[in-house]
Amino acid sequence: MAASARPSTPRPAPRRAAATASTAADHALFPLGALMLAASVGSWAQSAPAGNVSLKPVTVTEKAEAPQGKEALQTTKSSIGKGNQDIRDIPQSITVVTEKLIDDIKLDTLKDALHYTAGITFAATENGTDQDIRLRGFPIASTGDLMIDGMRDPSQYDRDTFNLDRVEVMRGSASMLFGRGSTGGVVNQVNKKPVLADQTDVVGTVGTAGYLRTTADFNIRTGETSALRINAMYNKADNGGADIDKNGIAPSFSWGLGTADEFTVGLFHLKNNNTPMSAIRYLNGGLAPVKPGNFYGTRADFVDGEANYLHGAWKHVFDNGGELRSQIRSGVFERAQWSTAAGFCGAAPTAAGACPTGAPAVTSLNPNTFLTRSGLTPRKDRYKATYAQSDYSNAFDWFGLRHEVLTGVDAAHEEANRFQNNGSTLGTRPATTIGTPDDGAGLVGTRLSPQWRNSSNYSAKAFGVYAQDLVQVAPAWKLLGGVRYDNFKGDFEQLAYATGANGALTNIARTRLKESPWSYRGGVLFQPSPTQSYHLSYGTSFNTSADTYQYVTPQNANTPPEKSRNIELGAKLDWLDGKLSTRGAIFRTEKYNERTTDADFAGTAYTLSGKRHTAGLELDVVGRITPQWEVYGSYTWVPVAKIDAAGVAAGAQASVGQRVGLTPKQSGAVWVSYQATPKLRVALGGHGATENRPLTGTTGAASATARVPGFMVADAMAEYKFTPDVFAQINVNNLRNKAYGDQLYPGFTILGPKRQVLATLGVRF
């Protein structure tokens, strides 16, 4: 086989097969897991007994696997289905972005990584934020379907990849595993974990637009069964005005590695003080022909955030082969943003930066075209969240059949506070022109930035319990069945103030929400050989009125959860002795009782009379075609994305039969690398989509007046290894400097980044 792309992943000492330290998703039962962690910390702190310590021998029973993770684009394992499973045994479409792909293309953020998974689009919001992610035409970020190591990560903050081992995307309804949300699918971020090795990786990158990024990955073996790992990152860039300034650190310590009881504790810190890219209004109903990377915001624009959490995990392996995985995570997350949307004006704007009444419409652009700059709604959020779960898995022979049982419980306590401007008259943004981006302008008028005051609060507790059984009913046939019960209670406050700056608090509207829904999952797997797996699956999901801190009112608190279902027929096939994997599926995902505002009940509750569905095809290919050629591809075709029913209001009824917004018919990504010599590797790829339209109204229908054209963004890379432990890499991202609409809102779009050239030097010691 050709030389690997870069220095290999640390190789742990021989250990029990199921206990690979880089495995993610060690899940947790809150009381039991916390007690065991505390007990183990206490014993660890005690002095070691004098004399020699006899260690039991460890037998390696698992055959060696092909290089994966940091060494390869391909992986055959996933932790997204609760525990570490073979992807072939999960009856849903799964795409994995490994650390190698992240490193190859320089995917610095979770959003960057998701660009390389087909079927995902991004919506901007009225605040200009990019936290609304769509999969199969349904939201995932705004319904709490982002995960860290299999547990919820719904808070609003800017996610970086410096501490990620991989990103896993599972498509289709999955409430049986994860609870509320999960209509379009889930995204799982798998954190790096300590391994039994001494190894340090330091990588530095410089590039155009003042780009500088340094990451360090320290793994230190501290004992026979213990190790410390510290990942750190610093990133800065001017980006022509859309500054990046962030840093992070994530230490974790594991002990008991390779024994019946493995423990991990860790911390995570990420802070950013960035300037968001300005939004641009549509021109003639389409994407305005401005240069990619042109920044028309001001020095007053900001997106500041901080994420801090601590986590602990415990895995116990029973003598009969059963595993209990327990995990807990608790953190505080903060984010504040105020950004600019630039619009076109056919006459000289006023001194306050407004377009004068009667100005002619703008139909084409030149460097002297006037731009007005409006501040989007400022917003600040603070979240506190604690999650705990415990999952038990084992295999049994019952009634003459093989049963692979998975069962568990999880609990959550979430609090959120939202802040808005306190009624003060904020400074206004002066006008500019197309030809003068990044003009360094500040605010005029009052020159005030947002003055925050509390506008709404949220507190909720959730509990879930589930059980699943995968039964081997014949040599090549397996049946899957699962059920889950959730109990959710939430209290909400909406604060009202008197008009004017610092107006007195006049009212607090309090609302309570309580739901106890059930979720189901079923499937049939046909596996005639180790290289073939075919599945037919059915799953359900639900969305409460309070998903991801949605501040409910008495009206929607009285509305039961929305419900969805997913049907999928797919195949997962391995080729070339397992070196190449292909996956394909046809699907239908349907939300069949969506909230609407029918007139007869609008005063007291929404009704569940809305309906929409998407249907299509998904294809993945990943692995090595030859020892020199490695390929990754992800493709989605969604010919049907339709509003089937809506409320009785005229505007809602007009959307029936229309296509769902933020759902391009085709999208995909590809990355192909070639090992030209033992030291030189080159790669080329890209991501793109066909025409896309933002949402309009409240039904989810696509806008009839705004759209962005299809696009393909090309990326290229060359890597040279001076020694097995030293490499240099050149990247050119957005090779053709393509302007494309990356995040869409009914009134504006945010363009994707311009062409960027990056030079990297990496060292391992």
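Everything in this summary refers to the structure shown in the same document.

How each quantity is defined
- Residues numbered from 1 in each chain as written.
- Predicted model: local features only at pLDDT ≥ 70, side-chain atom pairs only at ≥ 80, totals over all residues.
- Heavy atoms only, no water.
- Helix = DSSP H or I, 4+ residues; strand = E, 2+ residues; numbered from the N terminus.
- Buried < 20%, exposed > 50% of the residue type's maximum accessible area, 1.4 Å probe, protein only.
- Contact = heavy atoms within 4.5 Å.
- Areas by Shrake-Rupley, 256 points an atom, 1.4 Å probe, with all protein chains shown as cover.
- Pairing = 2+ DSSP bridges.
- Disulfide = S-S within 2.5 Å.
- Core = buried A, V, L, I, M, F, W, Y, C linked by side-chain atoms within 4.5 Å.
- Polar contact = N/O pair within 3.5 Å; in protein donor to acceptor, adjacent residues only side chain to side chain.
- Salt bridge = Lys/Arg side-chain N within 4 Å of Asp/Glu carboxyl O.
- Phe/Tyr/Trp six-rings, centres within 6.5 Å; stacked < 30°, edge-to-face > 60°.
- Lys NZ or Arg CZ within 6 Å of the ring centre and 35° of its normal.
- Patch = residues over 30% accessible without salt bridge, like charges linked within 9 Å, V, L, I, M, F, W, Y side chains within 5 Å.

1. Some words on the overall build of the chain
Per the secondary structure count, the chain includes 6 helices and 41 strands. The 765 residues of the chain split such that 56% are buried. Within the chain, counting contacts between residues at least 6 apart in sequence, those at least 24 apart form 70% of the total. Total accessible area on the chain stands at roughly 29,900 Å², and carbon and sulfur atoms take up 58% of it.

2. Concerning the sheet that holds strand S9 (residues 164–171)
Spatially, S3-S9-S10-S7-S8 is the arrangement adopted by the 5 strands of the open sheet, whose pairing is mixed. Bordering the open sheet on either side are strand S3 (94–98) and strand S8 (151–152), each of which pairs with just one other strand. Of the strand pairs in this sheet, S3 and S9 are connected by 5 bridges, and their pairing is antiparallel. By the bridge assignment, Ile 94 is partnered in S9 with Met 170.

3. Looking at the state of the cysteines
This structure, assessed with the given rule, holds 1 disulfide. Disulfide pairing places Cys 345 opposite Cys 355 at an S-S distance of 2.1 Å. Residues Cys 345 and Cys 355 share a disulfide whose torsion about the S-S bond is about 85°; that sign makes it right-handed. With a gap of 10 residues between them, Cys 345 in strand S19 (residues 340–345) and Cys 355 in the loop between S19 and strand S20 (370–375) connect regions that are remote in the sequence. Owing to a relative accessible area of 2%, Cys 345 belongs among the buried residues under this scheme.

4. Examining the nonpolar core
Among the nonpolar cores identified, the biggest contains 27 residues, and Val 97, Leu 114, Ile 133, Val 167, Val 187, Tyr 632 and Trp 671 are the most heavily contacted of them. Broken down by secondary-structure element, the contributors of at least two residues to this core are helix H2 (99–105), helix H3 (110–114), strand S4 (120–123), strand S5 (132–135), S9 and strand S33 (666–675). Once you skip the residues sitting within four places of it in the chain, Leu 114 turns out to touch Ile 120, Phe 122, Ile 133, Val 167, Val 169 and Val 187. By size, the runner-up hydrophobic cluster in this structure holds 24 residues, among which are Tyr 157, Ala 250, Leu 270 and Ala 460.

5. So, the sheet that holds S19
Strand order in this open sheet of 9 strands is S6-S5-S4-S39-S40-S16-S19-S20-S23, and the pairing throughout is mixed. In the strand order of this sheet, the two ends are held by strand S6 (138–139) and strand S23 (429–433), each with one partner. For S4 and strand S39 (residues 741–745), the ladder comprises 2 bridges, and the chain directions are parallel. Its bridge partner being in S39, Phe 122 is matched across the sheet by Gln 743.

6. Considerations on the environment of Arg 659
Structurally, the position occupied by Arg 659 is in the loop between helix H6 (650–654) and S33. If sequence neighbours within four positions are ignored, Arg 659 has contacts with Val 638, Pro 639, Val 640, Ala 641, Pro 664, Lys 665, Ala 701 and Ala 702. Only 2.9 Å separates the side chain of Arg 659 from the backbone oxygen of Thr 663, close enough to count as a polar contact.

7. A look at the pattern of salt bridges
Scanning the entire structure with this criterion turns up 43 salt bridges. A salt bridge links Arg 335 to Asp 158, with the nearest nitrogen and oxygen atoms 3.1 Å apart. Of this pair, Arg 335 sits in strand S18 (residues 323–338) while Asp 158 sits in the loop between S8 and S9, and the two are 177 residues apart along the sequence.

8. Overview of unusual backbone geometry
Unlike most non-glycine residues, Arg 447 shows phi in positive territory, near 65°. One can find Arg 447 in the loop between S23 and strand S24 (452–474). Positive phi, normally seen in glycine, also occurs at Asn 737, with a value near 55°. With respect to the helices and strands, the residue Asn 737 is situated in the loop between strand S38 (726–733) and S39.

9. Some points on the side chain of Glu 168
Here Glu 168 lies in strand S9. The class for Glu 168 is buried, based on a relative accessible area of 0%. Looking at Glu 168, its side chain comes within polar contact range of the side chain of Ser 78, at 3.2 Å. Not counting residues within four places of it along the chain, the set of residues in contact with Glu 168 comprises Lys 77, Ser 78, Ser 79, Ile 80, Thr 95, Val 96, Val 186, Val 187, Asn 188 and Val 190.

10. Some remarks on the packing of aromatic side chains
This structure, assessed with the given rule, holds 17 aromatic pairs. Ring geometry for Tyr 485 and Trp 518: centres 5.1 Å apart, planes at 55°, overall tilted. Of this pair, Tyr 485 sits in strand S25 (residues 477–497) while Trp 518 sits in strand S27 (residues 518–529); the two residues are 33 residues apart in sequence, bridging distant segments of the chain. Overall, the relative accessible area of 26% leaves Tyr 485 in the partly exposed class. Note that Arg 329 overlies the ring of Tyr 309, its terminal NZ or CZ placed 5.7 Å from the centroid. The lysine or arginine in question, Lys 380, covers the ring of Phe 419, its NZ or CZ lying 5.6 Å from the ring centre.

11. Quick look at a nonpolar patch on the surface
A grouping of Leu 536, Tyr 538, Ile 567, Leu 569 and Ile 586 is seen on the molecular surface, where their side chains present a nonpolar patch of about 450 Å² in accessible area. Mapped onto the nonpolar patch, the elements with two or more residues apiece are strand S28 (532–543) and strand S29 (562–575). Within the secondary structure, Tyr 538 sits in strand S28. Tyr 538 gets classed as partly exposed once you look at its relative accessible area, which sits at 35%.

12. Section: the pairing of strand S15 (residues 261–274)
For a regular strand, side chains alternate in direction, first toward one face of the sheet and then toward the other. Judged from the 8 bridges that link them, strand S14 (residues 244–255) and S15 form a sheet pairing that is antiparallel. Paired with Asn 247 across the bridge in S15 is Lys 271. Here S14 folds back onto S15, and the loop between the two strands holds 5 residues, one of which, Gly 256, carries a positive phi near 80°. Bridge analysis of S15 against strand S17 (residues 302–317) gives 14 bridges, and the strand direction is antiparallel. When the bridges of S17 are listed, Thr 264 appears paired with Ala 313.

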